[in-house]
Amino acid sequence: MLKTLDIENIAVIEKASVEFSDGLNVLTGETGAGKSIVVDSISAILGERTSKEIVRYGCDSAFVSAYFEDISQTALNKLEELGFQSEDDHSLLLTRKISISGKSGCKINGKSATVSMLRELGSALVNIHGQHDSQELLNPDCQYKYIDMLFDNTAELEDYKESFRNLIAVRRRLKFLASDETDKERLLELLDYQINELEAADIKIGERDSLIKRRELINKSEELNSVIHSSLLAINGDEELVGAQSLVNDSCNSLLAFDEAKTVSDILLDINDKLEAAKDKLEELNSLVDFNPEELEQIEERLDLLYRFSNKYGATEEDMLEFLSNAKEKRASIVYSDEELEQLNNEYDLLFEQTAELAQRLSEKRKQVAVKFEKAVKEELSFLDMPKLSFIVNFDRGKLSSSGFDKIEFLISTNPGEPPKPLSKIASGGELSRIMLAIKNILSYNDTIGTLVFDEIDTGVSGGASRKIGLKLKAVSKNTQVICVTHSAQIASNADEHFLIQKEFSGNRTFTGVSPLDFDGRKKELARIMGGIEITDTLLNSAEELLNASQN
């Protein structure tokens, strides 16, 4: 539920903090005092579209924050789906800053978010219903949702959705396989070229690095070759120069005759062994440096090919080989597509039959629920002073879709003897508000939305009906938090928390405040609503009677 709403610099509200109760919260005030601003602020924090005109005159930005407690599992799931971590106590803080430039800065639990994220999350937290904000109730494409929300078990619905998803997946694959033959031939021709080119190249993992190292060695081979020969000459010597190995051998042999020089002779023997090992390594290196003059040209050509392939098939040898493997798989899927096409057609027929059967079961369950729904709505509307209204859930059959094949539309007849017509065609604003309230009351035990907002639900409704609307709002608030903007004393008298929206003037500026009322404050406000210009003792007594009656 919505616990705290903080508003800064929105329209005529400079600063306000509203602490809502978990029951029925009512907001009243004179016309033009700014009651709608509170609802607009709630809409803004839920990610709805706003205008820079909402920012208070003379200010650079406006700010709204909403603190929710004990949010539903649906809202928690949506929070995690959007990539935000939930709090251990299931609380939630939403903030939104709206600048005069029209830009918004949003946060969810202190972390940056987008307006669309707020909107997605907000749909699981609050439902705002205004006199002219009933698109979903009036839209036949959405009316099945109200029936589905009354399911005591959603197994049939989930089974159908899973079967329909599988059907769509097979249909997409069939559409791809049945694509234009010219496209297939063109794709096969391209795949054959790519496969042949890659296979002919016979790419080996790691060969590019190996070739680069070999090229580097060849490029410095002349200088290295000279050093190798100089080193071998120093070790071996020649006809004119005595080598190091020969000199060490002579010295070692001379010292062996003396026992006292054994330590030195052993060192010289070790030096001689290391010179021999060095000579072997130099001769081995010399063989590597020895190369065919055409080898460097071949290396350059191979590296050039690998470079061109890296631009076409992937940066590394692994990427190129993976491209080859995928190309072979694609080619095979096209070549054998006729066989797969036949198999998928059979699978599609079976899935279609299964999905249609599950849609039929779903439709039968909806019809059973609809009978109870019709009866419950009629009872609710009868209590709300609409006893003559006939409410019918009409079923037509359409094409299979993600919601089944049912085309459900709510029909009403406001006068006996008149044929029922679509709700969107004949319901007035007042009737629509009461129908929505009736439906919300029926759904309140199943609805996962934690907060319902009704904006002037009493518009076009008589005093007696307002009293009953107040009782229904009170009943709904036992299961779901309700926030209601109203001009009706009968509705306001049922509030668990009553807020007065009041406009004040100071220094040629207008300021609107939101204040919670105690019993005496509520009595005065109800008397104002009932009496208008002058609040008399009679009106105060009537207001007190109304409050006492509502509390009892």
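Report follows, based on the coordinates. What you see is a predicted model; the values in this text were computed from it and never measured.

**What about the packing of aromatic side chains?**
Working definition: an aromatic ring pair is given by the centre-to-centre distance plus the angle between the planes. Enumeration according to the criterion identifies nine aromatic pairs in this entry. A centroid spacing of 5.3 Å and a plane angle of 90° characterise the contact between F309 and Y313, whose relative ring orientation is edge-to-face. Here Y313 and F309 lie together in helix α12 (residues 293-313), a separation of four residues that amounts to about one turn. The burial state of F309 is the same as that of Y313; both residues are buried.

**Thoughts on helix α8 (residues 207-219)**
In a regular helix each residue adds 1.5 Å, so 13 residues correspond to 18 Å; α8 covers 18 Å between its end C-alpha atoms and thus fits that length. Within α8 the residues assigned to the buried category are E207, R208, L211, R214, L217 and I218.

**Things to note about the packing of helix α19 (residues 519-531) against helix α20 (residues 537-551)**
For any two helices packed against each other, the geometry comes down to the angle between their axes and how far apart the axes lie. Direction vectors running N to C along α19 and α20 enclose 115°, while the axes themselves pass 8 Å from each other. In this structure, α19 crosses over α20, and the sense of that crossing is right-handed. Counting all contacts with α19, which are made through F519, R522, K523, K524, L526, A527, M530 and G531, the residues of α20 involved are L539, L540, S542, A543, E544, L546, L547, N548 and Q551.

**As for the sheet that holds strand β10 (residues 404-413)**
Backbone hydrogen bonds hold the strands of a sheet together, and the pairing may be parallel or antiparallel. Here three strands make up an open sheet; going across it, the order is β9-β10-β11 and the pairing antiparallel. Each edge of the sheet is formed by a strand with only one pairing partner; in this case those strands are β9 (390-401) and β11 (421-422). The pairing of β10 with β11 spans two bridges and is antiparallel. For I412, the partnering residue across the bridge sits in β11 and is K421.

**What to know about the pattern of salt bridges**
The tally for this structure, following the rule as stated, stands at 21 salt bridges. Note that K312 and E197 form a salt bridge whose closest N and O atoms lie 2.8 Å from each other. Here K312 is found in helix α12, whereas its partner E197 is found in helix α7 (residues 181-201), with 115 residues between them in sequence. E197 gets classed as buried once you look at its relative accessible area, which sits at 18%. Taken together, the shared-partner salt bridges in this structure form one network comprising K78, E81 and E120.

Quick notes on the rules
Residues numbered from 1 in each chain as written. Predicted model: local features only at pLDDT ≥ 70, side-chain atom pairs only at ≥ 80, totals over all residues. Heavy atoms only, no water. Phe/Tyr/Trp six-rings, centres within 6.5 Å; stacked < 30°, edge-to-face > 60°. Helix = DSSP H or I, 4+ residues; strand = E, 2+ residues; numbered from the N terminus. Buried < 20%, exposed > 50% of the residue type's maximum accessible area, 1.4 Å probe, protein only. Expected span 1.5 Å × (residues − 1). Axes fitted to C-alpha atoms, helices over the stretch in contact; angles between N-to-C directions. Left-handed = near helix turned anticlockwise from the far one by under 90°. Contact = heavy atoms within 4.5 Å. Pairing = 2+ DSSP bridges. Salt bridge = Lys/Arg side-chain N within 4 Å of Asp/Glu carboxyl O.

Purely geometric stuff here, so don't read any function into it on its own.
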